[in-house]
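Given next are the chains, with one letter for each unit.
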Amino acid sequence: MAEPISARDVAIVIPALNEELRIRDVVEGALAHCPNVILIDDGSDDATVERVSDLPITVIRHATRMGKGAGLRDGFAEAMRRGFRGVISMDGDGQHAAEDIPRLLDAANVYPEHIVIGARLRKRARQPTYRRIANEFGDWGIAWGCGFRIADTQSGQRFYPASVCALGVGDIPGEDFVYEAQMLISASRKLGVRCVSVPIESRYQANTGPVKFRKSHFRPLRDLWRITSHVVAQVFAYGNVMAEYRRTRSNPVIIHDPSGEFAATPVAAPAHSG
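Just so it is clear, the model here is predicted, and its values are computed rather than measured.

## Some points on helix 1 (residues 23-31)
Item 1. Within the sequence span of helix 1, burial applies to Ile23, Val26, Val27, Gly29 and Ala30. One face of helix 1 carries all of its buried residues, which in axial projection span an arc of 160 degrees.
Item 2. Looking at the buried positions of helix 1, the neighbouring elements they touch are strand 1 (10-16), strand 2 (37-42), helix 2 (48-51) and helix 4 (101-110).

Right, dumping it as structure tokens:
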């Protein structure tokens, strides 16, 4: 049996575009839990890189904006080049709490060779209604593409095992947020990898209060249309559409939550490494 994955065994990959407001807090928080941080600056025209220039991290810069998918792809490639056993992705806007990193790693060890998703299930009342509806619709469609149900398919806080990172470096169709959806589908279809969700807190843009976030780069109508049309094409390409739908609905969400708050959610048996 493989040794448990520790924080030193993984890299934290942070795609960033014009994140000068919160990027230093994000990177310092990540470093507090993991010494291996890779920042992908996606052609920022603000002080994003300057804010973290004195911190012990790897910075990869895009001369022009290439999209989140390209940022994640480059981050995966660097992590694989350095021999890490997996990657934790975080957004650069501060909406993901670094304190959740140990919980993602715990789930990764309980469920080997799974993608672990930080699912925004806690304090969902804070989530704007239009975002919640969009997320639920996206979950429904992407699950159909994967063949099993998933909680919060649009969360950018995830743990990817090395096998999935290597797949992500290669020929994964789709860019921007479509790339993240396709990663789940391709990992399922090509590697037989399932997803497990770890409940995290919903954190959104606020104009008041001690913590402020910039407006998300995700545009629900535009990006959800891109994701949905891409996923629908994938579903029909695989064929057996209704049989796949029935298979998807029969495979429940897997949630790892030792606190018991979400214990009522059906939980599948964890995978076991050889």
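We are not done yet, so read on.
## Notes on the side chain of aspartate 100
Item 1. Within the secondary structure layout, aspartate 100 lies in the loop between strand 4 (86-89) and helix 4.
Item 2. Under the relative-accessibility criterion, aspartate 100 is labelled buried at 12%.
Item 3. Among the polar contacts made by the side chain of aspartate 100, one reaches the side chain of arginine 103 at a distance of 3.0 Å.
Item 4. With sequence-adjacent residues up to four places away left out, aspartate 100 is seen in contact with Gln157 and Ile200.

## Section: the pattern of salt bridges
Item 1. Within the structure shown, the criterion is met by 14 salt bridges.
Item 2. Taking the shortest distance from any N to any O, the salt bridge between aspartate 9 and arginine 85 comes out at 3.6 Å. Remark: arginine 85 occurs in the loop between helix 3 (68-81) and strand 4 and aspartate 9 occurs in the segment before strand 1; sequence separation between them is 76 residues.
Item 3. You can call aspartate 9 partly exposed: its relative accessible area is 22%.
Item 4. With its nearest N and O atoms 2.7 Å apart, the salt bridge here joins arginine 120 to aspartate 152.

## Overview of unusual backbone geometry
Item 1. For asparagine 18, which is not glycine, the phi torsion reads 55 degrees and is therefore positive.
Item 2. With respect to the helices and strands, the residue asparagine 18 is situated in the loop between strand 1 and helix 1.
Item 3. Its relative accessible area of 28% is what places asparagine 18 among the partly exposed residues.

## Some words on the packing of helix 3 against helix 6 (residues 162-169)
Think of two packed helices as two axes; the pair is described by the angle between the axes and how far apart they sit.
Item 1. Helix 6 packs onto helix 3 with a crossing angle of 125 degrees between their chain directions and a minimal axis gap of 8 Å. If you check the angle between helix 3 and helix 6, you find them oblique. The hand of the helix 3/helix 6 crossing is left-handed. Residues Arg73, Phe76, Ala77 and Met80 of helix 3 touch helix 6, and the partners they reach there are Ala162, Cys165, Ala166, Gly168 and Val169.
Item 2. Per-class residue counts for the contact of helix 3 with helix 6 are seven nonpolar, one polar and one charged.

## Overview of the packing of aromatic side chains
Item 1. As enumerated under the stated definition, the model contains four aromatic pairs in all.
Item 2. Ring plane angle 75 degrees and centroid distance 5.1 Å describe the contact between phenylalanine 76 and tyrosine 160, whose orientation is recorded as edge-to-face. Here phenylalanine 76, found in helix 3, pairs with tyrosine 160, found in strand 6 (residues 158-161); they are 84 residues apart in sequence, far enough to count as distant.
Item 3. Between tryptophan 140 and tryptophan 144, the ring centres sit 5.4 Å apart and the planes meet at 65 degrees, which makes this aromatic pair edge-to-face. Placement of both tryptophan 140 and tryptophan 144 in helix 5 (residues 129-146) is noted, with a separation of four residues, approximately one turn of the helix.
Item 4. A relative accessible area of 35% means that tryptophan 140 is categorised as partly exposed.

The rules behind the values
In every chain, residue numbers begin from 1 and rise along the written sequence. Residue-level local features of this predicted model are given only where pLDDT is at least 70; pairs of side-chain atoms are given and counted only at 80 or more, and the full residue set underlies all totals for whole chains, interfaces and linings. The basis for every side-chain value is the complete set of heavy atoms in the structure, and neither hydrogens nor water enter the calculation. Categorising residues by exposure relies on relative accessible area from a 1.4 Å probe, with only protein chains included: less than 20% of the type maximum marks a residue as buried, more than 50% marks it as exposed, and the intermediate range marks it as partly exposed. The numbering of helices and of strands both runs from the N terminus, where a helix is a DSSP run of H or I of at least 4 residues and a strand a run of E of at least 2. Each C-beta atom gives one direction from the helix axis, and the arc is the one those directions make. For this analysis, residues touch if any pair of their heavy atoms sits within 4.5 Å. In the analysis that follows, any N or O atom pair within 3.5 Å is treated as a polar contact, provided that within protein one partner can donate a hydrogen and the other can accept it, and provided that, for residues neighboring in sequence, both atoms belong to side chains. By definition here, a salt bridge exists when the distance from a side-chain nitrogen of Lys or Arg to a carboxyl oxygen of Asp or Glu is within 4 Å. Lines are fitted to the C-alpha atoms to define the axes, a helix being fitted only along its stretch in contact, and any angle between axes, read from their N-to-C directions, falls within 0 to 180 degrees. Angles are sorted into four bins: roughly parallel if under 35 degrees, roughly antiparallel if over 145, roughly perpendicular if 65 to 115, and oblique for all others. Crossing handedness: left-handed means the near helix sits turned counterclockwise from the far one by under a right angle, and right-handed means the same turn made clockwise. Ten residue types, Ala, Val, Leu, Ile, Met, Phe, Trp, Tyr, Cys and Pro, are classed as nonpolar, four, Asp, Glu, Lys and Arg, as charged, and the remainder, Gly among them, as polar. Pairing of aromatic rings covers Phe, Tyr and Trp, the last counted by its six-membered ring, and requires centre-to-centre distances within 6.5 Å; plane angles under 30 degrees mean stacked, over 60 mean edge-to-face, and any other angle means tilted.

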